[in-house]
Amino acid sequence: MKKIGILFGQENTFPQAFVDRVNEKAGGEFTAEFVSIDQVEQNVPTDYAVIIDRISQDVPFYRAYLKNAALTGTAVINNPFWWSADEKFFNNALAVQLGVPVPRTLLLPSKERPDDTSERSFRNLRMMDWDMAFEKIGFPAFMKPHSGGGWKSVYKLHNPEEFFRAYAETGQLVMLLQEAIEFDDYFRCYCIGGKEVLIMPYEPRNEFHQRYATQMKTTGPAGEKLLATIKDYVLRLNKGLGYDFNTVEFAVRDGIPIAIDFGNPAPDADVNSVGQQNFEWVVEAAANLAIEKARAYQPGRDNLTWGTFVQRSAQNGFQDSIPAGKTVAAKKPTAAKAAAPKAAAAPKKAAAPKAAAPKAKKAQE
Ligand SMILES: Nc1ncnc2c1ncn2[C@@H]1O[C@H](COP(=O)(O)OP(=O)(O)O)[C@@H](O)[C@H]1O
Ligand SMILES: [Mg+2]
C-alpha cells in the first residue's frame, strides 16, 4: 500500500495533526506518516503516493529528493519544479496577465555584483535611471527581495535618501521596488487544492503572534462583494501558478483587493500563530487534499499539479518526445539534433555510461 507522507522542518503542531487527521479519515485505505528518507537513488520511486512538502525551500537536498520522487510518480505538494522556478517578480507579472491587481513593481539589478563577475559581465545593462524609477513607483514604496520570504530584507521607504540607504544594505540580492499599498483591510488566504479558500483577516502591523487577532473592517454588502472578489482572485492566482497549498495576501485599497504576496508554498500553519479555528480548517483541508491525491494517484505517471501558465507553455514543446516509461538507446547526435538529448537511456545493469555528457560549460563568468 502506498503511503501519504509529510516532510517538515522546525514546525511542531501541523505535521502531527495532519498525520492524525489523514489516518482518522482514510479508514485504512491509506496511512499517513512522517516521511522517512535514507538512501536516495536516481529514478528509484519512494513508498509515498503523496508527500506534503513543508520545508524543501530551506533544504536543497530535500528539493532534489522530491524532484526524483515526483519523476517516479509521487504527487508532491507543492510541485517542486514550479517552486524552484517561483519568484515574486514573475508571479506579479503573471498576476497582471490573470487580471489580478498587484502593486506597480520594478525589478532592480542587485547593488553588488554576483560573485565571480566583473564590470564586463554587465555590458548589456544600462545605467539605472533612478528618477524615472521613483516617478513610476512613487513613495512610500516597499523594497523586498524578488525571491524571498519570512519578511527578510523587506523595507518600507519614504524618499530617495531612505531608498539608497536601504539599497546599500542589500548586497547581491535582486530586489523589487514596489508601490506601497495604504490599506483599509488586509487578508491572508489559504488556498488548498485549487478550490478550498479560507479568507483570514490579518493585521501585518501587529506583533507576530497577534496578526490574526483582528476583524474585517469593510462590512455589509461591500464586505460580501469584497470577499467574493478575493476568493475569485485567490483561485485565479493558484490555478495560474499551479500551487496545491498556498497563501495569498491582499491589501485592500478603496475597496480593491491588491495581491501582495502569493507565493507561499509552505505557509505558516502553526496553531500558535494562526489560531485554533484557522488551524482546524487547514488541517482538515490538507488531509482531504492528500487523500484525494492519493486516490487519484497513478503509478509511474506525473501526478503533480501544473499551473495554467506551464500547461500552455508545454504545448509548445517538442512533439516527438519519448513516451513515459520507455528508454531509448543513446544515439549519436547528428549535427542538427546535437543540442538537447530528450531522455537519457537508463541501462538496467548500471554500467557506467561510456561517455559522460560534457559538463555544461559555465559561460565565461
Ligand atoms: N506593496 C506593499 N504594500 C503594502 N504592504 C506591503 C507591500 N509589500 C509588502 N508589504 C508588507 O510587508 C510584509 C512582507 O512582505 P512580503 O511581500 O509578504 O514578503 P515575504 O515574502 O518576505 O513575506 C507583507 O506581509 C505586508 O504586510
Ligand atoms: Mg509574506
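These numbers come from a predicted model, not from an experiment.

Draft legend 1. A look at the nonpolar core. Ile 51, Ala 259, Ala 286 and Ala 290 are the most contacted members of the largest nonpolar core, which totals 63 residues. The element best represented in this core is helix α9 (residues 276-296), accounting for nine residues. Structurally, this core is a two-domain feature, drawing no fewer than three residues from each of domain 1 (3-85) and domain 2 (87-101 + 182-264). Non-local contacts of Ala 286, meaning those with residues more than four positions away in its chain, are made with Phe 18, Ile 52, Ile 192 and Phe 245. Residues Ile 137, Met 143, Leu 157 and Phe 163 belong to the second largest nonpolar core, which totals eight residues.

Draft legend 2. Spatial organisation of the pairing of strand β11 (residues 245-253). A large share of β11 lies buried, amounting to seven of its nine residues. In this sheet, β11 lies alongside strand β9 (residues 185-192) in antiparallel orientation, the contact comprising eight bridges. The residue bridging Cys 189 from the neighbouring strand is Val 248, located in β11. Bridging between β11 and strand β12 (residues 256-261) involves five bridges; their strand directions are antiparallel. When the bridges of β12 are listed, Glu 249 appears paired with Asp 261. Linkage of β11 to β12, two consecutive antiparallel strands, is achieved through a turn of two residues, within which Asp 254 is found at a positive phi near 50°.

Draft legend 3. Region of interest: the site of ligand 1. Around ligand 1 lies a shell of 18 residues, among which Phe 142, Gly 149, Ile 181, Pro 204 and Asp 261 are the nearest. Of all the secondary structure elements, the ones that give two or more residues to the shell around ligand 1 are β6 (141-145), β8 (175-179), β11 and β12. No fewer than three residues from each of domain 2 (87-101 + 182-264) and domain 3 (104-118 + 127-179) sit in the shell around ligand 1.

Draft legend 4. Focus on the sheet that holds strand β4 (residues 75-77). Pairing within the open sheet is parallel, and its four strands lie in the order β2-β1-β3-β4. Of all strands in the sheet, those bounded by a partner on one side alone are β2 (32-34) and β4. Taken over all neighbouring pairs, the strand axes of this sheet differ in orientation by 20° on average, direction set aside. Across three bridges, strand β1 (residues 3-7) lies against β2 in parallel orientation. Bridging across to β2, Ile 6 finds its partner in Phe 34. On top of the sheet, helix α2 (residues 60-71) reaches β1, β3 (48-53) and β4; it is set at about 150° to β3, its chief contact.

Draft legend 5. Examining the packing of helix α1 (residues 14-25) against α9 more closely. As a packed pair, α1 and α9 sit with axes 9 Å apart at the nearest point and diverge in direction by 55°. It follows from the interaxial angle that α1 and α9 lie oblique. The element α1 and its partner α9 pack so that their crossing is right-handed. Residues Phe 14, Ala 17, Phe 18, Arg 21, Val 22 and Lys 25 of α1 pack against Val 283, Glu 284, Ala 286, Ala 287, Ala 290 and Ile 291 of α9. For the contact of α1 with α9, a count of residues per class yields nine nonpolar, no polar and three charged.

Draft legend 6. Seen up close, the pairing of β3. Summarising burial for β3: six of the six residues are buried, a large majority. Bridging between β1 and β3 involves five bridges; their strand directions are parallel. Considered in β3, the bridge of Ile 4 is made with Val 50. In the sheet, β3 pairs with β4 via three bridges, with the strands oriented parallel. Along β4, the bridge assignment pairs Ile 52 with Ile 77.

About the cut-offs
Residues numbered from 1 in each chain as written. Chains lettered and ligands numbered in written order. Predicted model: local features only at pLDDT ≥ 70, side-chain atom pairs only at ≥ 80, totals over all residues. Core = buried A, V, L, I, M, F, W, Y, C linked by C-beta atoms within 7 Å. Buried ≥ 20, exposed ≤ 12 C-beta atoms within 10 Å, placed from the backbone. Helix = DSSP H or I, 4+ residues; strand = E, 2+ residues; numbered from the N terminus. Domains from an automatic or database assignment. Contact = placed C-beta atoms within 7 Å. Pairing = 2+ DSSP bridges. Near = placed C-beta within 6 Å. Axes fitted to C-alpha atoms, helices over the stretch in contact; angles between N-to-C directions. Parallel < 35°, antiparallel > 145°, perpendicular 65-115°, else oblique. Left-handed = near helix turned anticlockwise from the far one by under 90°. Nonpolar A, V, L, I, M, F, W, Y, C, P; charged D, E, K, R; others polar.

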